[in-house]
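Residue-level structural notes
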Amino acid sequence: QVQLVESGGGLVQAGGSLRLSCAASGRTFSSKTMGWFRQTPGKERQFVASISWSADSTYYADSVKGRFGISRDNAKNTVYLQMNSLKPEDTAVYYCAADRDRSDAHKFQYQYDYWGQGTQVTVSS
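Attention here is on the structure that accompanies the text. The structure displayed is predicted, hence computed values, not measured ones. (Residues numbered from 1 in each chain as written. Predicted model: local features only at pLDDT ≥ 70, side-chain atom pairs only at ≥ 80, totals over all residues. Heavy atoms only, no water.)

Some words on the sheet that holds strand 8 (residues 78–83)
Selection criterion: Between any two strands, at least two bridges found by DSSP are needed for them to pair. Strands are runs of DSSP state E lasting at least 2 residues, helices are runs of H or I lasting at least 4, and numbering of each runs from the N terminus. Axis lines are fitted through C-alpha atoms, for helices just across the contact stretch, and the angle between N-to-C directions can take any value from 0 to 180 degrees.
Pairing is antiparallel in the open sheet, where four strands are placed in the order 1-3-8-7. The strands lining the two open edges of the sheet, one partner per strand, are strand 1 (4–7) and strand 7 (68–73). Ignoring which end each strand starts from, the neighbouring axes of this sheet average 15 degrees apart. Pairing of strand 1 with strand 3 (residues 18–24), which is carried by four bridges, proceeds in the antiparallel orientation. Residue pairing in the sheet places Glu-6 in a bridge with Cys-22 of strand 3.

Given below as structure tokens:
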């Protein structure tokens, strides 16, 4: 079992930056591919970024490529999402997720078995 707790959300002006953190419990964090997703009211949850268990591959949604960076620190059981050049359309609840197993970075939600409670990011114009 893996428990995930996100933090770092908040209110920021357009063009600003935020760094989200996701702390994981359990000893298996280093063997799990991790992902970030986001959701706005009335819309489906969408993929943002993923990093493989070994950190040798990352994958980004086109909408955030070049602005967001995902990283992990296996010694701290934590995955990060650095968000730069934020836009109002980035406003959403951001969720951290853990894959059921080792894999390359990917966007397929059905493979992520564990989810955090989410953290709100609001970007004002």
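Overview of the state of the cysteines
Our working rule: Cysteine sulfur atoms are paired as a disulfide whenever they come within 2.5 Å of each other.
As enumerated under the stated definition, the model contains one disulfide in all. One disulfide bridge connects Cys-22 with Cys-96, the sulfur atoms lying 2.1 Å from each other. Residues Cys-22 and Cys-96 are joined through a disulfide that is left-handed, its torsion about the S-S bond being -75 degrees. With Cys-22 in strand 3 and Cys-96 in strand 9 (residues 92–99), this pair connects stretches of sequence that are 74 residues apart.

A short note on the pairing of strand 9
On a regular strand, one side chain projects to one face of the sheet and the next to the other, so that they alternate. Convention followed: Buried residues are those whose accessible area, probed at 1.4 Å on protein chains only, stays under 20% of the maximum for their type, while exposed residues exceed 50% and partly exposed ones sit between those limits.
Burial analysis of strand 9 places seven of its eight residues in the buried class, the great majority of the element. Of the strand pairs in this sheet, strand 4 (residues 34–39) and strand 9 are connected by six bridges, and their pairing is antiparallel. By the bridge assignment for strand 9, Arg-38 is matched with Tyr-94. Pairing analysis gives three bridges linking strand 9 to strand 11 (residues 119–124), with the strands arranged antiparallel. Paired with Ala-92 across the bridge in strand 11 is Val-121. Here strand 9 runs beside strand 10 (residues 112–115); their pairing, made up of three bridges, is antiparallel. Of the residues in strand 10, the one forming a bridge with Ala-98 is Tyr-114.

Let's talk about the pattern of salt bridges
The criterion, for reference: A carboxyl oxygen of Asp or Glu within 4 Å of a side-chain nitrogen of Lys or Arg is what we treat as a salt bridge.
Under the criterion given, the structure shown has four salt bridges. Asp-90 is the partner of Arg-38 in a salt bridge, and the nearest nitrogen-oxygen pair spans 2.9 Å. Taken together, the residues span a long stretch of sequence, with Arg-38 in strand 4 and Asp-90 in the loop between strand 8 and strand 9 at a distance of 52 residues. With respect to class, Arg-38 is no different from Asp-90; both count as buried. With a closest N to O distance of 3.3 Å, Asp-113 and Arg-100 form a salt bridge. Of this pair, Asp-113 sits in strand 10 while Arg-100 sits in the loop between strand 9 and strand 10, placing them 13 residues apart in sequence. A residue is classified by how much of its surface remains accessible, and Asp-113, at 40% relative accessible area, is partly exposed. Ionic contacts of the salt-bridge type, sharing partners, join the residues Arg-38, Arg-67 and Asp-90 into one network.

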